[in-house]
Amino acid sequence: MNMRAVAAWCGTIGQATGWWLLGSLTFTGKAQADIVEGLIIHAFADVYFSSTTQQQAPSGQTGFKLGNLDLYIAPDLTGRVRALMEDVVEFDDWVPPGANNGQPSVDIERLQVGYLVSDELTVWIGRFHTPYGYWNTAYHHGAQLQPTVMRPQFIAFEDHGGVLPAHMDGLWASGHVAAGPGRITYDAYLGNGQRILDGALDMQNEGNVDSHTALGGRFGYEFLGGALDSLWIGVHAFSEQVNDFTNGVLTAETDVKVAGGFFHWTPGDWELMGEFYGFDNRAHDSNAPSHSSTTWYVEADYTFYGRITPLARVERASLNQNDGYFQYLLGGKSYTRNLVGVRYDLTPQTALKLDADHTNETLNGAKAYNELHFQVAIRF
Amino acid sequence: MNPTATKVLHAVVATSALLCALPSLALADIYVIVNSGLILTTDDIKGIYTGDKQLAGSIKIKPLDNSAAKNEFLSKVLQLDAVRYDTLWTKKSFRDGISPPSVKANDEEVVAAVKSTAGAIGYISSTPPVGVTVLKKF
């Protein structure tokens, strides 16, 4: 192990130890005196082994890997004010070839402060998980929660090859209203427009440099009771102008428009979900025709004895390479992926997961490859 | 008395004894109690303990869990087991930033907290003392 790798491990362990000590002090304080009533620090963490037949894989080579150390705090503030903070220590991959130096980084995943206007409406400001589809807000960095080891590739995080903005800096209104046998759910948001920096989406945490505003929303209906109990179906859409900068040079300006739908349902021991996104992107200030692209996945799993969950997922992405948006994103390539796996819940807080997938990227002159992932994921 | 009549008599006695014993075998009664200033309906209880209802008018609701009576409450009122309930709150906290109910150790602690805390709601398995508002008995 070279010195750089040792330094990386030491850095990660040091940061993890620091967070652990912070958590320990917090809990100690609560045990001795109820001074910090309501302050709860939770965490997700995962480690895994990956094997791939892909050469120069942007997500790394075969071997043992550290996943995320995700810590989040949702303090019980007085009155109607709410807050949610989430930090992640992770190893960035999907960076430009040769730039992955194995150094861990700390990302502020979420830093949002909200106001509970009513049971039907909460308004947030800050950085939040962009509310589209099901997966992005339901699981995100909570590896122990999600059924599989890996997210669907096209909704991976921005720095892991995803083609959708997983995070947003801005304003977010969220809530639900009782209606019929269930309730209407809604999310509406606006925020800093994204840009592409050297192949990855950047949500502009330090200000809207490009002065482009992202607008979007998610509207759905959740059945509560009856034959369709737990079924949540809905639509989502967003639009923004995304500029690409390669080596600091503006290379493309694209008006991105996305619309689609999603569902999630847990009838009995089944879990069924799917998401669809249709893109209609056009070069900004251009009379050129727009470019259409689509992505989708469907996934099904069934839990035996409350803890053994075999699953299968199909992913498809047909991304137009004449589109300036996909042309410059490292993960903006068409692909097909078929995945099977099994999850075993060793305890309610510990999951062992095994996924195997076959991915075909030959549509864009790349190649097909197979991957195997084994993950241990915990929450506490 | 012939043998057949004796068997029938024994069966009747045994069945009667079993029926008399059933109430003591059943789960304990659960009383959902609220702070005197909190106006709720019984339909609100499930929403409060699953994080969907947080306000009663202008008052922020403060639900309390009772370790000593939690399993009975979850079974009778929410139709959930402890694992599913804890997982529900893990997801709720992670996704929506809502804190799970504060945990009290027993009936006495819950009663004290409900009496002294505006917006508090809790549940106990013993008969509520005088001065406590009972929302519903399960």
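How each quantity is defined
- Residues numbered from 1 in each chain as written.
- Chains lettered and ligands numbered in written order.
- Predicted model: local features only at pLDDT ≥ 70, side-chain atom pairs only at ≥ 80, totals over all residues.
- Heavy atoms only, no water.
- Helix = DSSP H or I, 4+ residues; strand = E, 2+ residues; numbered from the N terminus.
- Buried < 20%, exposed > 50% of the residue type's maximum accessible area, 1.4 Å probe, protein only.
- Contact = heavy atoms within 4.5 Å.
- Areas by Shrake-Rupley, 256 points an atom, 1.4 Å probe, with all protein chains shown as cover.
- Buried area = accessible area lost by both parts, 1.4 Å probe.
- Salt bridge = Lys/Arg side-chain N within 4 Å of Asp/Glu carboxyl O.
- Polar contact = N/O pair within 3.5 Å; in protein donor to acceptor, adjacent residues only side chain to side chain.
- Nonpolar A, V, L, I, M, F, W, Y, C, P; charged D, E, K, R; others polar.
- Phe/Tyr/Trp six-rings, centres within 6.5 Å; stacked < 30°, edge-to-face > 60°.
- Core = buried A, V, L, I, M, F, W, Y, C linked by side-chain atoms within 4.5 Å.
- Pairing = 2+ DSSP bridges.
- Axes fitted to C-alpha atoms, helices over the stretch in contact; angles between N-to-C directions.
- pLDDT = per-residue confidence, 0-100.
- Expected span 1.5 Å × (residues − 1).

### What to know about the overall build of chain B
What chain B contains, in helices and strands, is five helices and seven strands. Counted from the first residue to the last, chain B has its helices and strands arranged as α-β-α-β-β-β-α-α-β-α-β-β. Looking at chain B residue by residue over its 138 residues, the buried ones come to 41%. Looking at chain B alone, contacts between residues at least 24 apart form 71% of all its contacts between residues at least 6 apart.

### Topic: the overall build of chain A
Each helix and strand in chain A was counted, giving three helices and 18 strands. In chain A, which comprises 380 residues, the proportion classed as buried is 50%. For chain A, the proportion of contacts with a sequence separation of at least 24, taken over those separated by at least 6, is 55%. If you sum the accessible surface of chain A, you get close to 16,600 Å²; carbon and sulfur atoms cover 63% of it.

### Focus on the interface of chain A and chain B
Listed per partner, the contact involves 35 residues of chain A and 20 residues of chain B. Between chain A and chain B, roughly 2,100 Å² of surface is buried when both sides are summed, and carbon and sulfur atoms account for 47% of that area. If you sort the residues of chain A by the area they bury against chain B, Arg80, Arg82 and Asp119 of chain A come out on top, with a joint share of 23%. The salt bridge partner of Lys53 of chain B is Asp119 of chain A, with a shortest N-O separation of 3.4 Å. Connecting chain A to chain B are 12 residue pairs in polar contact (both at pLDDT 80 or more). Among the elements of the structure, strand E1 (41-52), strand E2 (63-73), strand E3 (81-91), strand E4 (104-118) and helix H2 (135-138) of chain A are those that each provide at least two residues to the side of chain A that touches chain B. Across the side of chain A that touches chain B, the residue classes tally to 16 nonpolar, nine polar and 10 charged.

### Structural notes on the environment of Thr41 of chain B
Take Thr41 of chain B: it is sitting in the loop between strand E1 (31-34) and helix H2 (44-49). As a C-alpha pair, Thr41 of chain B and Val114 of chain B span 73 residues in sequence and 17 Å in three-dimensional space.

### Considering the packing of aromatic side chains
All names here are of chain A. If you walk through the whole model with that rule in mind, you get 25 aromatic pairs over all chains. Ring geometry for Tyr134 versus Trp232: centroids 6.1 Å apart, planes at 75 degrees, classification edge-to-face. Taken together, the positions of Tyr134 in the loop between strand E5 (121-129) and H2 and Trp232 in strand E11 (residues 232-246) put the pair 98 residues apart, joining distant regions of the chain. Given the relative accessible area of 6%, Tyr134 is considered buried.

### As for helix H5 (residues 107-116) of chain B
Residue and element names in this part refer to chain B. Buried within H5 are the following residues: Asp107, Val110, Val111, Ala113 and Val114. As for H5, its buried residues are in contact with E1, strand E4 (62-66), strand E5 (102-104) and strand E6 (120-124). The N-cap of H5, judged by a side-chain oxygen 3.2 Å from the amide nitrogen of Glu108 a few residues on, is Asn106.

### Observations concerning the nonpolar core
Ranked by size, the top nonpolar core spans 41 residues in total, and within it Phe154, Ile155, Val163, Leu164, Tyr277, Phe279 and Tyr325 of chain A carry the most contacts. Among the elements of the structure, E5, H2, strand E6 (167-179), E11, strand E12 (249-265), strand E13 (270-283) and helix H3 (324-328) of chain A are those that each provide at least two residues to this core. Look past the residues within four positions of Val163 of chain A in its chain and what remains in contact with it is Phe154, Leu201, Phe279, Leu319, Tyr325, Phe326, Leu329, Gly331 and Gly332 of chain A. In this structure, Ile30, Leu74, Ile98 and Tyr123 of chain B belong to the second largest nonpolar core, which totals 21 residues.

### Let's talk about the sheet that holds E5 of chain B
All names here are of chain B. Judged by pairing direction, the sheet is mixed, and its five strands sit side by side in the order E5-E4-E6-E1-E7 without closing on themselves. Strands with a single pairing partner mark the edges of an open sheet, and in this sheet they are E5 and strand E7 (133-137). Going across the sheet, the axis of each strand differs from the next one's by a mean of 30 degrees, ignoring polarity. As paired elements, E4 and E5 share three bridges and run parallel to each other.

### Regarding the confidence of the model for chain B
All names here are of chain B. Across chain B, the average pLDDT comes to 87, with 80% of residues at or above 70. Across residues 19-25, where pLDDT falls below 50, the model places zero contacts with residues more than four positions away in sequence or in other chains. Overall fold confidence (pTM) sits at 0.84, and the ipTM for the predicted complex is 0.80.

### Topic: the pairing of E3 of chain A
Residues and elements named next belong to chain A. Of all 11 residues making up E3, eight are buried, and the element is well covered by its neighbours. Note that E2 and E3 share five bridges and pair antiparallel. Within the sheet, the bridge partner assigned to Asp70 lies in E3 and is Val88. Taken together, the 11 bridges between E3 and E4 define a ladder with antiparallel strand orientation. Among the inter-strand pairings, Arg82 is bridged to a residue of E4, identified as Gly114.

### Details of helix H4 (residues 82-96) of chain B
An α-helical segment advances 3.6 residues per turn. Residues three or four places apart therefore align on the same side. Residue and element names in this part refer to chain B. Taking 1.5 Å per residue, 15 residues should reach 21 Å; H4 reaches 21 Å between its end C-alpha atoms and fits that length. Residues of H4 that are buried: Tyr85, Thr87, Trp89, Thr90, Lys92, Ser93 and Phe94. Sitting at the head of H4, Asp81 places a side-chain oxygen 3.2 Å from the backbone nitrogen of Val83. Immediately downstream of H4, the backbone of Gly97 shows phi near 70 degrees, a positive value.

### Thoughts on the side chain of Glu299 of chain A
Residue and element names in this part refer to chain A. Relative to the assigned elements, Glu299 resides in strand E14 (residues 291-302). With a relative accessible area of 3%, Glu299 lands in the buried category. Engagement of the side chain of Glu299 in a polar contact is seen with the side chain of Arg313, the distance being 3.0 Å. Setting aside residues no more than four positions away along its own chain, Glu299 makes contact with Trp135, Pro147, Thr148, Glu271, Leu272, Met273, Ala312 and Arg313.

### As for the pattern of salt bridges
Under the counting rule described, the total for this entry stands at 16 salt bridges over all chains. Among the ionic pairs, Glu86 of chain A bridges to Arg110 of chain A, the shortest N-O distance being 2.6 Å. Taken as a pair, Glu86 of chain A in strand E3 and Arg110 of chain A in strand E4 lie far apart in primary sequence, 24 residues in all. On the basis of relative accessibility, which here comes to 0%, the residue Glu86 of chain A falls in the buried class. Note that Glu371 of chain A and Arg337 of chain A form a salt bridge whose closest N and O atoms lie 3.7 Å from each other. Remark: Arg337 of chain A occurs in strand E16 (residues 335-347) and Glu371 of chain A occurs in strand E18 (residues 368-379); sequence separation between them is 34 residues. Across the pair, exposure class does not vary: Glu371 of chain A and Arg337 of chain A are buried alike. The network of salt bridges with shared partners includes Arg183 and Glu222 of chain A together with Asp52, Lys92 and Asp96 of chain B.

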